[in-house]
Amino acid sequence: MRPLSCLLFLVGACMLTRAEPWASQGDERFENAETYQFTYGVYVFGVPVGIRAEMQSASAGTSYRLSSDLTHAFAQNHHVSLFRLEDCDYTPEGYHNHGRSPGWRFNDRVVFDVEGDEIHYEGATQRPGQKTATDLALSFPWDDAVYVDKLSQFSVLGCYLARGDREIFLSYVDDTVGRYRFTPEGKARPFKVGQRTLSGLPVRAVPVEFEEGSIHTPVRYWLSEELGYMPIKISTKLNGLRLSVRLLDTNCC
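Conventions and cut-offs
- In this convention, every chain numbers its residues from 1, walking through the sequence in written order.
- Given that the model is predicted, a residue must reach a pLDDT of at least 70 before its local features are reported, and side-chain atom pairs must reach 80 or more before they are shown or counted; all residues, however, enter totals for whole chains, interfaces and linings.
- The side-chain values count all of the structure's non-hydrogen atoms but skip hydrogen atoms and water molecules.
- Note on exposure labels: buried denotes an accessible area under 20% of the residue type's maximum, exposed denotes more than 50%, and partly exposed covers the range between, all computed with a 1.4 Å probe on protein chains only.
- Starting at the N terminus, helices and strands are each numbered in turn, a helix being any DSSP run of H or I of at least four residues and a strand any DSSP run of E of at least two.
- Two strands pair under a simple rule: DSSP has to find at least two bridges between them.
- Every residue pair with non-hydrogen atoms within 4.5 Å of one another is taken to be in contact.

This part is about the pairing of strand S14 (residues 219-224). Among the 6 residues that make up S14, 5 are buried, leaving the element largely enclosed by the rest of the structure. Strand direction decides the pairing type here: strand S13 (residues 196-209) and S14, joined by 5 bridges, are antiparallel. Paired with Val-203 across the two strands is Tyr-221, which belongs to S14. In this sheet, strand S15 (residues 230-238) lies alongside S14 in antiparallel orientation, the contact comprising 6 bridges. Residue pairing across strands places Trp-222 opposite Lys-233, the latter belonging to S15. In textbook terms, the turn of a hairpin is the stretch between consecutive antiparallel strands, and for S14 and S15 this stretch comprises 5 residues, one of which, Gly-228, has a positive phi near 70°.

Structure (structure tokens):
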């Protein structure tokens, strides 16, 4: 996970040919779906830095499409996630994530191959000091772990928390795999969001398995049951910086 991805994870180039069918199909499925908007602000040491991210959530039956967009002078990121969820029966379809930050450019796609029980990754990353991007294509076995991305994780967490789970294990895949343990911590606390007061349930995520050299760090979430367990606040530390993302406004629920 790249440094920018870790930051955007809080609001969390090669195109993968076989990913196009699910991407275009996803757009068609959600043409008439009701869409909720969420606006988040980024803070460093509790101070707003003028960066906002817009998230959209749409559902059509048991199919879901979540997207987030961040545009700023120094960074851009666009992420789309497609998955199915019914009564905690979760099936990821894939995601597309691309963007840039100072010295970095990246374009990744992950597709879940149900018939082959494999996870396919293809992407291109241009690191600081590189003139061209490095292309990479990988396949991982699709084991019994629950694989999410920075957007689908909230729907899955919400389902497990609502049924009373006290320890949840989720895995993230891009060019490496990181596995986290989630545990709720204490009672919900109130947050002011626009003209509303919402309750945020504190949940702590700790990496338990990851590849050396990849960036994985403990994260704290405050999830709103009123908003379908979407985050009100997310907080972590990265290279000594205390970073947080806070919900500023929403038309949800």
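Another point: the environment of Phe-112. Counting through the fold element by element, Phe-112 comes out in strand S6 (residues 104-113). A C-alpha to C-alpha distance of 9.5 Å links Phe-112 and Tyr-147, two positions 35 residues apart in sequence. Ignoring anything within four residues of it in the chain, the contact list for Phe-112 reads Pro-92, Glu-93, Gly-94, Glu-118, Ile-119, Trp-142, Tyr-147 and Val-173.

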